[in-house]
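Descriptive structure summary
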Amino acid sequence: MKKIICSMAVAASVLSSGAHAAGYGVVDLEKVVESSSFLKQQNAALQQSLKPQSTKLEQLGKELEAMQQKAQQSTSLSEADKQKMSAQYQSKMKEFNTIQQSVQTTVQSSIQSTNKLMDGRIKQAAEQLRKENTLDFILNKNSALAYDAKYDLTDKMIQKVNAIK
């Protein structure tokens, strides 16, 4: 809501100042992000780097499930065997939780880093588009209440974002 009010205020101030606005552009940021080859590459690289841990988590999950079933089916275990099974289960569960926490930390760190890089790419591409088209400003499509489709620069923005190396 703040973005909408801010966008409207900027547009109103430009128009009411007596200065003639060179124009505006509109971009569907959601579509730009979805179409980003950079983000697709980053996600693929992250999934590949986490594959060993994911495989290990799946394996541990199956082992833990099998241990639970075995414990439920074995009613005639001695107290020593029950304690041994419990210790093994606790050990596997601790390993599972450690790996899972490591994966979560890696994913969060990667998302933060990727978002920061993507934000820079979007701003760079938007500024290039603004200058090339001699525009005063470019709005996110979702921040505009109404606009003429001829001012939609989404496809050009996607090309520019994907071209940044």
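Below you will find a few notes about this structure. This is a predicted model, so every value here is computed, not measured.

Describing the overall build of the chain
On a plain count of helices and strands, the chain comes out with five helices and two strands. Helices and strands appear in the chain in the N-to-C order α-β-α-α-α-β-α. When burial is assessed residue by residue, the chain has 25% of its 165 residues classed as buried. For the chain, contacts bridging at least 24 residues in sequence account for 84% of all contacts bridging at least 6.

Here's the deal with the side chain of arginine 121
The topology assignment puts arginine 121 in helix 4 (residues 79-132). Aspartate 119 is the oppositely charged side chain nearest to the buried, salt-bridge-free arginine 121, at an N-O distance of 11 Å. Not counting the four nearest positions on each side in its chain, arginine 121 is found in contact with Phe38, Val161, Ile164 and Lys165.

Concerning the packing of helix 3 (residues 37-73) against helix 4
As a packed pair, helix 3 and helix 4 sit with axes 10 Å apart at the nearest point and diverge in direction by 165°. Between helix 3 and helix 4, the crossing angle belongs to the class labelled roughly antiparallel. Crossing of helix 3 against helix 4: the hand is left-handed. Tallied by class, the residues present in the contact of helix 3 with helix 4 amount to 18 nonpolar, nine polar and six charged.

Re the nonpolar core
Within soluble globular proteins, side chains that are nonpolar generally end up buried alongside one another. Grouped together as the largest cluster of nonpolar side chains are 15 residues, with contacts concentrated most on Val32, Met118, Met157 and Val161. Those elements that place two or more of their residues in this core are helix 3, helix 4 and helix 5 (154-163). Sort the elements by how many residues they give to this core and helix 4 lands first, with five residues. Discounting residues that sit within four places of it in the chain, methionine 118 has contacts with Val32, Val33, Ser36, Phe38, Leu39 and Val161. Grouped together as the second largest cluster of nonpolar side chains are ten residues, Leu57, Leu64, Met67 and Val103 included.

With respect to unusual backbone geometry
The phi dihedral of threonine 134 is positive, around 45°, even though this residue is not glycine. When you line up the elements, threonine 134 lands in the loop between helix 4 and strand 2 (137-140).

Examining the packing of aromatic side chains
The geometry of two aromatic rings is summed up by the distance between their centres and the angle between their planes. Under the counting rule described, the total for this entry stands at two aromatic pairs. Seen from their ring centres, tyrosine 24 and phenylalanine 137 are 6.5 Å apart, and the 20° between their planes marks the pair as stacked. Of this pair, tyrosine 24 sits in strand 1 (residues 24-27) while phenylalanine 137 sits in strand 2, placing them 113 residues apart in sequence. Each ring, one from tyrosine 24 and one from tyrosine 151, has its centre 4.5 Å from the other, and the planes form 35°; the classification is tilted. In this pair, tyrosine 24 is assigned in strand 1 and tyrosine 151 in the loop between strand 2 and helix 5, connecting sequence segments 127 residues apart. Residue tyrosine 24 is classed as partly exposed on the basis of its relative accessible area, which comes to 24%. An aromatic cluster is built from Tyr24, Phe137 and Tyr151, whose rings are joined through pairwise contacts. Of note, arginine 121 hangs over the ring of phenylalanine 38, and the distance from its end group to the ring centre comes to 3.9 Å.

Points about the pattern of salt bridges
Going through the model one piece at a time under the given rule, you end up with eight salt bridges. The residue lysine 141 makes a salt bridge to aspartate 28 at a minimum N-O spacing of 3.8 Å. Here the residue lysine 141 occupies a position in the loop between strand 2 and helix 5, and aspartate 28 occupies one in the loop between strand 1 and helix 2 (29-34), the gap between them amounting to 113 residues. Relative accessible area serves as the criterion here: at 31%, lysine 141 is assigned to the partly exposed category. A residue is classified by how much of its surface remains accessible, and aspartate 28, at 15% relative accessible area, is buried. When the shortest N-O distance is used, the salt bridge between glutamate 63 and lysine 92 registers 2.7 Å. Remark: lysine 92 occurs in helix 4 and glutamate 63 occurs in helix 3; sequence separation between them is 29 residues.

What counts, and where the lines are drawn
Residues numbered from 1 in each chain as written. Predicted model: local features only at pLDDT ≥ 70, side-chain atom pairs only at ≥ 80, totals over all residues. Heavy atoms only, no water. Helix = DSSP H or I, 4+ residues; strand = E, 2+ residues; numbered from the N terminus. Buried < 20%, exposed > 50% of the residue type's maximum accessible area, 1.4 Å probe, protein only. Contact = heavy atoms within 4.5 Å. Lys, Arg positive; Asp, Glu negative; His and termini not counted. Salt bridge = Lys/Arg side-chain N within 4 Å of Asp/Glu carboxyl O. Axes fitted to C-alpha atoms, helices over the stretch in contact; angles between N-to-C directions. Parallel < 35°, antiparallel > 145°, perpendicular 65-115°, else oblique. Left-handed = near helix turned anticlockwise from the far one by under 90°. Nonpolar A, V, L, I, M, F, W, Y, C, P; charged D, E, K, R; others polar. Core = buried A, V, L, I, M, F, W, Y, C linked by side-chain atoms within 4.5 Å. Phe/Tyr/Trp six-rings, centres within 6.5 Å; stacked < 30°, edge-to-face > 60°. Lys NZ or Arg CZ within 6 Å of the ring centre and 35° of its normal.

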